[in-house]
Protein chains: 2
Amino acid sequence: MPLPSAGAAAARPLGPKDVRPLDEVDRAILAALAADARVSNKDLAERVGVAQSTCLARVRALVRDRVIRGFHADVDPRALGHDLQAMIAVRLQPDARGAINDSIAALSRRPEVLEVYFVAGANDFLVHVATPSTDELRRFVGDVLNRDPAVAGTETNLIFEHIRARGRL
Amino acid sequence: MPLPSAGAAAARPLGPKDVRPLDEVDRAILAALAADARVSNKDLAERVGVAQSTCLARVRALVRDRVIRGFHADVDPRALGHDLQAMIAVRLQPDARGAINDSIAALSRRPEVLEVYFVAGANDFLVHVATPSTDELRRFVGDVLNRDPAVAGTETNLIFEHIRARGRL
DNA sequence: CAGGTTATCGAATGATCTTCGGTTCGCTTG
DNA sequence: CAAGCGAACCGAAGATCATTCGATAACCTG
């Protein structure tokens, strides 16, 4: 089962995130690595039914082509003393929307911030944060978000539980 | 499964999830594995400054104690043909809130579902989904969510971009 | 202060990763 | 249609790594 040649893809205009055709082996590799990123190459090769060398080359290609964006340990925020999680909806000033990417970039560098969703609708983005306590949360919302002149308003919702369904492709 | 007090930890009856003290080495290991879950044990040991055998024992203990919940490859949904992402806020019927865990568990098994946030506030939970197209999204909202009698209403917001700040502890 | 427990280390072994040359397959060219 | 070319695959072998083990040190606890 051969992979289609790269030649066919050349003519399209296409953004940087071009979709690359994935065959059954690729999908099996992705599913296995999404479930457990630390499987040995040997086991992975056996499971998807190719030689070890082929499997290694496939994984490297998937990383090179950004199909796999990274491998991460999922650390429980509570173990780090971050017992409180919240989802904060942020609305920006209408004239500040041009700089929205700066805002998001700055946010995602803060240690409390786990994820940022840039959304359509009444709010401009959602920020998923984890803090040690309500004090820290208040400080984040007050000092970091609302102090920014680009921010028109925020709405904070506590998160009781967060289930990551990833790991099952 | 409660996510209780951030306060005094001593008196509690203690679940399996009890907070365990982490030293500097543990934190360094967590930071390294959060950034790259596939570092070799040898490199990891050198970076955090302990022997390989000690490092291996530490990592195993962190996994055993659920400080590390898993190791996952971060796969770009677009590579799988899921070009559309959305955050769907779901409100349940007041008398259905007892079965909320069932609803969430059922949701998180669907292939479109990436994450589920069980929240306080006007909505009961948020569902982060990725679908191939608007058709699939409509089908998910209509056939899966609104068809469930426990669901009182939904509100769908498209996601333009999703930034994962994890990887930097 | 003795006993017991736990964490650490270094070295040896066993397993794995990674590279390499050779082969096949499909597509293009002459 | 055969030769040429490129891409992907495989198996084997050396380099590298993971894992186990016994010994040692540090720490409570009684």
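These remarks concern the structure in this document.

What counts, and at which threshold
Residues numbered from 1 in each chain as written. Chains lettered and ligands numbered in written order. Predicted model: local features only at pLDDT ≥ 70, side-chain atom pairs only at ≥ 80, totals over all residues. Heavy atoms only, no water. Near = heavy atom within 4 Å. Polar contact = N/O pair within 3.5 Å; in protein donor to acceptor, adjacent residues only side chain to side chain. Helix = DSSP H or I, 4+ residues; strand = E, 2+ residues; numbered from the N terminus. Nonpolar A, V, L, I, M, F, W, Y, C, P; charged D, E, K, R; others polar. Least-squares fit on C-alpha atoms with pLDDT ≥ 70 in both. Contact = heavy atoms within 4.5 Å. Expected span 1.5 Å × (residues − 1). Buried < 20%, exposed > 50% of the residue type's maximum accessible area, 1.4 Å probe, protein only. Arc of directions from axis to C-beta.

1. A few points about the protein's contact with DNA strand C
Neighbouring DNA strand C are S40, N41, K42, Q52, S53, L56 and R60 of chain A together with V50, A51, S53, T54 and R58 of chain B. Within 4 Å of the protein, atoms of DNA strand C come from sugar and phosphate in 71% of cases. At 2.3 Å, a side-chain N or O of R58 of chain B approaches a phosphate oxygen of DNA strand C. At the level of elements, α2 (41–48) and α3 (52–64) of chain A together with α3 (52–64) of chain B are the ones that each hand at least two residues to the surface near DNA strand C. For the surface near DNA strand C, the leading source of residues is α3 of chain A, giving 4 residues. Residue classes in the surface near DNA strand C are distributed as 3 nonpolar, 6 polar and 3 charged.

2. Here's the deal with the relation of the copies chain B and chain A
Take chain B, turn it by 180°, move it 0.0 Å along the axis, and it overlays chain A with an RMSD of 0.0 Å. Classification of the inter-copy transformation places it as that of a two-fold axis. Distance from the rotation axis, computed per C-alpha, reaches its smallest value in chain B at H72 of chain B: 2.8 Å. Residue by residue, 93% of the interface of chain B is reproduced at the interface of chain A, so both copies engage with the same surface.

3. A closer look at α3 of chain A
Residue and element names in this part refer to chain A. Counted at 1.5 Å a residue, the expected span for α3 with its 13 residues is 18 Å, and the 18 Å between its end C-alpha atoms agrees. Listing the buried residues of α3 in full gives C55, R58, V59, A61 and L62. Down the axis, α3 shows its buried residues gathered within 160° of arc, on one side only. The outward face of α3, more than 90 degrees from its buried face, is lined by the exposed residues S53, R60 and R64. Contact partners of the buried residues in α3: α1 (24–35), α2 and β1 (68–75). Count one or two residues on from α3 and you reach R66, which has phi positive near 65°.

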